Amino acid sequence: MFINHENYTLDLSTEPPNNANQTDFDIMIVQVVNTVYLYFTPILVVLGTIGNMLSLFVFHGSKLRLQSTSQYLSTLAIADNIFLLQLLPPWLSATGITSLFHRTGFCQFIVYVSYVSCCLSAWLVVAFTVERFVAVVYPLRRNAVCSVNRARQVIVLLSISAIVMNLPVLKFTSPSKDDCNIDREYLDHAARFNLIDTLLSFTLPLGVIIIMNSWIMVGVCRLERARQALMKEEQSGLPSRLRQRRLVGCPQSQQKVTRMLLLVSSVFVILNLPAYTIRILAYAYDINANEVGGRWTALQQLSVMFFHTNFGINFLLYCLSGQNYRRALIQALPWVRRRARRAVAVRFAADPPRGSSVSTSHVSTEATVINMTNINTNPRRQRDCITRWKFDNTRQRQAMAHSRSQTDQSELASVTVEGRDQDIEMRAVHTI
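Quick caveat, the model's predicted, so the values are computed rather than measured.

With that settled, the discussion passes to the UniProt feature "transmembrane region" (unreviewed entry) in the protein chain. Following the UniProt record, the feature "transmembrane region" (unreviewed entry) maps to residues 36–59, 71–89, 109–130, 151–169, 202–223, 261–282 and 302–320 here. In residues 151–169, the share of helix is 89% and the share of strand is 0%. The end C-alpha atoms are 28 Å apart. The annotated region residues 302–320 carries 79% helix and 0% strand content, and the separation between its end C-alpha atoms amounts to 25 Å.

Turning to helix α14 (residues 323–332), a few remarks are in order. For α14, every residue scored as buried is listed here: Tyr325, Ala328, Leu329 and Ala332. Buried residues of α14, seen end-on, are gathered within an arc of 105° and therefore sit on one face of the element.

On to the environment of Ser93, then. Examined against the element boundaries, Ser93 turns out to sit in helix α3 (residues 88–94). Other than its neighbours up to four places away in sequence, Ser93 contacts Thr98, Ser99, Leu100, Phe101 and His102.

A few words now on empty space enclosed by the protein. Over the atoms, a rolling probe the size of a water molecule traces out where space has been left empty. Applying the stated rule across the entire model yields five cavities of 30 Å³ or more. In this structure, the largest cavity encloses a volume near 120 Å³. Surrounding the largest cavity, 14 residues form its lining, Leu64, Gln67, Val257, Met260 and Asn324 being those nearest its centre. The biggest single contributor to the lining of the largest cavity is helix α10 (residues 252–285), with four residues. Tallied by class, the residues present in the lining of the largest cavity amount to six nonpolar, seven polar and one charged.

To continue, consider a nonpolar patch on the surface. Residues Val156, Ile160, Ile163, Val164, Leu167 and Leu170 make up a contiguous nonpolar surface patch of roughly 510 Å² in combined accessible area. In terms of residues, the nonpolar patch owes the most to one element, helix α6 (residues 148–165), which gives four residues. Mapping Val164 onto the fold places it in helix α6.

Applying the stated criterion to the full structure yields one disulfide. Through a disulfide, Cys107 is tied to Cys180; the S-S separation comes to 1.6 Å. Between Cys107 and Cys180, the S-S dihedral sits near 75°, and the bridge is therefore right-handed. Separated by 73 residues along the polypeptide, Cys107 in helix α4 (residues 106–137) and Cys180 in strand β2 (residues 180–182) bring together distant segments of the chain.

What counts, and at which threshold
Residues numbered from 1 in each chain as written. Predicted model: local features only at pLDDT ≥ 70, side-chain atom pairs only at ≥ 80, totals over all residues. Heavy atoms only, no water. UniProt positions renumbered as here; feature names shortened; annotations may be inferred. Helix = DSSP H or I, 4+ residues; strand = E, 2+ residues; numbered from the N terminus. Buried < 20%, exposed > 50% of the residue type's maximum accessible area, 1.4 Å probe, protein only. Arc of directions from axis to C-beta. Contact = heavy atoms within 4.5 Å. 1 Å grid on protein atoms, 1.4 Å probe; cavity = no way out; pocket = protein on both sides within 12 Å on 5 of 7 lines; lining within 4 Å. Points joined across faces, edges and corners; volume = space filled by probe spheres on them. Nonpolar A, V, L, I, M, F, W, Y, C, P; charged D, E, K, R; others polar. Patch = residues over 30% accessible without salt bridge, like charges linked within 9 Å, V, L, I, M, F, W, Y side chains within 5 Å. Areas by Shrake-Rupley, 256 points an atom, 1.4 Å probe, with all protein chains shown as cover. Salt bridge = Lys/Arg side-chain N within 4 Å of Asp/Glu carboxyl O. Disulfide = S-S within 2.5 Å.

Below is the structure:
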C-alpha cells in the first residue's frame, strides 16, 4: 500500500474492481466518486493555489510580516501550493491527457515532492500550534520564544528534516506503462518506510496538535473567566479600556490570532483523519481494493479528496476567522482598498458625524467630489466619485486668530494708557 494517501494509482474508468461479489451499487458508487474526482481536482488546484498565493502576499506585504506566526503561515502556503501543483500530473495521466507522470525520473520526483510537502505542512501546523500554546499558557515567555528569528530557524530545520527524511522515496518508487508505484524489489523496505512515514507525518503531529489544542482551549477559557471576574470587580473604578489593558496575560489581539490558528489546526486534523485511518486499516488488515470491492475503493477515494482539500482551504479559514487578516487583505489589494474607502466616504458624506464643542480641529466630511460626466463619455460610468480627503483645521485657525487679536487689542490698550499717563506727567512738569 505504498503512496496510499496520495492515490496516484487512481483509475477513472467505469470498470469495477475485479471481484465477483460486485453489486450494481458498488459499480454506481465507484462511477459517481470517479466523476466527482474528475472535476474536483482541477477546481481545488486552481482555487487553492490562488488562495495560498494571496495568503503569501498578505503575510509578506503587510504589517503581519512582523509577527512570528506569519512566518509559519507563509511557509505553510508555499508547501500547500507545491502539493497542489504536483496533483496535476497524476490527474492528467488518470484522465488520459498525457502519460508524463509515468516516465522515469518524473514519477520519482513528483512522488518525492508530494511526501516532502505533506510532511513539512504537517509539522508547520505543529510549530505554530506549539507557539500558540506558549503564548496562551506561558504568556511571560511569549516575547522570548515567539520571535521572528526563532520562527525562521524552526522553518529551516523542519524543511531540511523533511527533505532528508523522504529521500528513500526516490529509491522505492518505480514507473511502469500506466502506473507509478512501488518497486517490487524493495517491497519490504517500502512497507517499513511507509509505516515510519505514517507515524512521523500524521500520528505524532496529530497527537501533539490534539493535546496542544485542548490545553490552549482550557487556557483561553481560564483567561476569559479571569477577565470577566476582574471587570466585575473594577466596574466602579477604572474605565473599561483601562480594565482591559490591565489584563496583561493575553491581549485581545493575541486571543484573535489564537482562535484563528486553533481553527486551522482543528480543520487539519478533521480533513487528515479519514485518509490516514483508512491507511492504517489497510496496513493492519492487509486490505486490497480489488479484493474488497467498490465500496472500499469509493471510501478510499473520498478520504483522499478530503486529504487534498486540507491544502487549499486555509485562505478561506483565514478570511472567516481572522479579523486582522481580513483588514490586511483589504489594505494589500489596491482595488479592494479603493472600494472600501469609497464606501466609507459615501457613508460619512450621507450621514456626517456631529461635531464636538470641545474639539478645535476635525476632518472635514466634505470630500472633494468631481462629476464623471465631464471626463467619461460613457453614460453607464457617469457618477460622482470621491477623489481625495482634505484636512480642515478652520476652527483651530479661527480660535488662534481670535486669541491673537484679543492679545493685540489688550497690548494696544495698555500702550495707549501708558502714553496718556506720560503726557499728563509732561504737562505737569511744564506747568511747574
